[in-house]
Amino acid sequence: ARRAQDATEVLAQSGVAAPAIRPAGRNKPFDYMIVGAGFAGSVLAERLTTQLGKRVLLIDKRPHIGGNAYDEKDAAGVLMHRYGPHIFHTNSDEVSGYLSQFTKWRPYEHRVLASVKGGLLVPMPINRTTLNTLYGVDLRTDDDAEAFLASRAEPVEKIRTSEDVVISKVGRELYETFFRGYTRKQWGMDPSELDKSVTARVPTRTNDDDRYFTDKFQAMPAEGYTRMFESMLDQPGLTIELGVEYEDAREEAVYDRLIFTGPVDEYFDHRYGKLPYRSLAFRHETLDQEWFQPVGTVNYPEEATPYTRISEYKHLTGQSARRTTITYEYPRADGDPYYPVPRPENQALYKRYEALALETANVHFVGRLATYRYYNMDQVVGQALATFRRIAEREGRTIVA
Ligand code: FAD
């Protein structure tokens with residue numbers, strides 16, 4: 001059953017002592033209703049209330065704030081991510097500066113190893129160490145590694161698919177060791193069926209940098225994502241309702257404008273058909289041992305292993321605990337929408353929904369689901385801040401930073 005909750009109440013239930021907040025009240029009309037309390041919705045809720053003095057109703061169908069970045073302590077007291085490991089990284093000063101108002105940070109550079117050839121652990125993305133370990137060679141410089149990869153690469157006349165990208169860069173053997181099985185599991189399709197843009201995201205290095213990301217800002221919120229969201233959403237004029245579907249709220253709520261961060265095809269009742277997504281099943285396990293693996297994530301590229309990767313949260317969070325919690329990820333077709341399936345016909349279908357969205361007055365479509373793109377967290381924050389600036393400008397308000 002749905003029930004109105006103001007920000008104080010929601011935050012109090014989450015165990016945080018929230019300062020007294022003046023509830024907006026359910027009878028008053030809202031200037032905005034925001035659907036989705038992930039990064040997109042929460043950034044806009046914070047900005048609209050604090051910078052423009054709007055009265056905002058923020059709803060989410062899930063029983064918690066934070067969207068997919070939600071984290072919580074499990075029964076063993078280990079801080080873990082319910083929707084898979086989330087590592088924050090950005091090159092945007094605007095985004096890191098904005099979020100820093102709501103959290104302190106713990107510096108953290110993510111490292112990933114791949115388990116290949118029956119359990120050998122080598123750095124991912126492929127770097128000089130990967131090549132030296134795998135082939136028992138002694139490549140000492142970038143040039144050595146470059147020449148080695150070039151000697152393996154196979155010319156491909158016209159690069160169309162993901163398979164072409166990888167084979168033309170590193171050759172068939174590395175392709176089969178690291179990419180083929182992983183991609184087949186991740187997407188349920190062979191790399192030869194996937195557009196070249198999919199694998200363009202996976203870089204190969206000739207140095208021995210083994211960090212997964214190279215962004216200038218890499219850190220985790222010191223007390224976790226959920227705490228950061230709580231601090232962001234602890235604002236006068238903001239009402240939060242959890243466990244509420246848009247479909248139900250749209251009939252009751254009194255609001256002038258809507259910000260929608262759910263799936264765009266759902267908003268339009270799947271008029272042109274469903275936008276395809278790839279999903280994941282997560283298996284969370286707490287183990288009676290201090291550590292499970294040497295780094296935050298180990299990838300399992302071999303097709304015979306049903307999961308794609310295992311992540312261990314204590315590496316990310318820096319928490320010390322006697323036990324440890326890990327998450328296995330099993331890609332699958334059905335379930336929550338996680339990754340838009342990167343095929344040209346799906347983009348074409350999205351374009352039709354985008355055209356409808358652009359024609360819809362007084363509704364902003366923001367975030368990964370509403371724009372059918374895989375976005376990292378920082379990109380969604382940037383998108384939400386840009387949307388906010390447009391709203392402020394339309395009202396003749398200039399917002400500095
Ligand atoms: P979401 O967080 O999905 O929020 C949307 C919210 O809307 C949800 O809470 C949903 O319940 C709600 N909603 C949807 N429809 C309705 C409705 N009809 N009614 C009411 N509520 C509704 N990014 C990184 O930067 N680093 C990472 O390491 C990283 N790891 C990831 C790992 C995985 C497995 C996945 C899937 C994603 C990862 N991401 C990562 C991406 C990150 O999750 C997204 O960028 C971010 O969550 C997007 O925020 P959002 O607000 O757009 O969407």
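Predicted model only: the values in this text are computed from it and were never measured.

1. Quick notes on the environment of Ile-126
Thinking step 1. Checked against the element boundaries, Ile-126 lands in the loop between β9 (120-124) and α4 (128-135).
Thinking step 2. Residue Ile-126 is classed as buried on the basis of its relative accessible area, which comes to 1%.
Thinking step 3. Sequence separation of Ile-126 and Thr-161 is 35 residues, and the distance between their C-alpha atoms is 20 Å.
Thinking step 4. Here Ile-126 is in contact with Leu-131, Leu-174, Phe-178, Phe-179, Pro-203, Thr-204 and Arg-205, once residues within four sequence places are set aside.

2. Let's talk about the sheet that holds strand β7 (residues 105-107)
Thinking step 1. The strand order β6-β10-β7 describes an open sheet built from three strands, whose pairing is antiparallel. The sheet is open, and its two edges are formed by β6 (89-90) and β7, each paired on a single side.
Thinking step 2. As defined by bridge partners, β7 adjoins strand β10 (residues 217-221) across three bridges and the pair is classed as antiparallel. Each bridged residue has a counterpart across the sheet, and for Arg-106 the counterpart in β10 is Met-220.

3. Some points on unusual backbone geometry
Thinking step 1. The omega angle of the peptide bond from Met-124 to Pro-125 is -5°, so this bond is cis rather than trans.
Thinking step 2. Its location among the elements puts Pro-125 in the loop between β9 and α4.
Thinking step 3. Residues other than glycine seldom take positive phi values, yet Asp-269 does so here, at roughly 50°.
Thinking step 4. Located in the positive-phi region is Tyr-372, a residue other than glycine, with phi close to 45°.
Thinking step 5. Here Tyr-372 lies in the loop between β18 (363-365) and α13 (377-394).
Thinking step 6. For Tyr-372, a relative accessible area of 2% gives the class buried.

4. Details of the site of the ligand
Thinking step 1. Lining the immediate surroundings of the ligand are 31 residues, of which Asp-60, His-86, Ile-87, Tyr-375 and Met-377 lie closest.
Thinking step 2. Residue Ala-40 places a main-chain N or O atom 2.9 Å away from an oxygen atom belonging to the ligand.
Thinking step 3. A distance of 2.7 Å separates an oxygen atom of the ligand from a polar backbone atom of Ile-87.
Thinking step 4. Relative to its unbound accessible surface of 1000 Å², the ligand loses 97% to contact with the protein.
Thinking step 5. Counting only elements with at least two residues in the shell around the ligand, the list comes to α2 (39-52) and α13.

Criteria and cut-off values
- Residues numbered from 1 in each chain as written.
- Predicted model: local features only at pLDDT ≥ 70, side-chain atom pairs only at ≥ 80, totals over all residues.
- Heavy atoms only, no water.
- Helix = DSSP H or I, 4+ residues; strand = E, 2+ residues; numbered from the N terminus.
- Buried < 20%, exposed > 50% of the residue type's maximum accessible area, 1.4 Å probe, protein only.
- Contact = heavy atoms within 4.5 Å.
- Pairing = 2+ DSSP bridges.
- Near = heavy atom within 4 Å.
- Polar contact = N/O pair within 3.5 Å; in protein donor to acceptor, adjacent residues only side chain to side chain.
- Areas by Shrake-Rupley, 256 points an atom, 1.4 Å probe, with all protein chains shown as cover.

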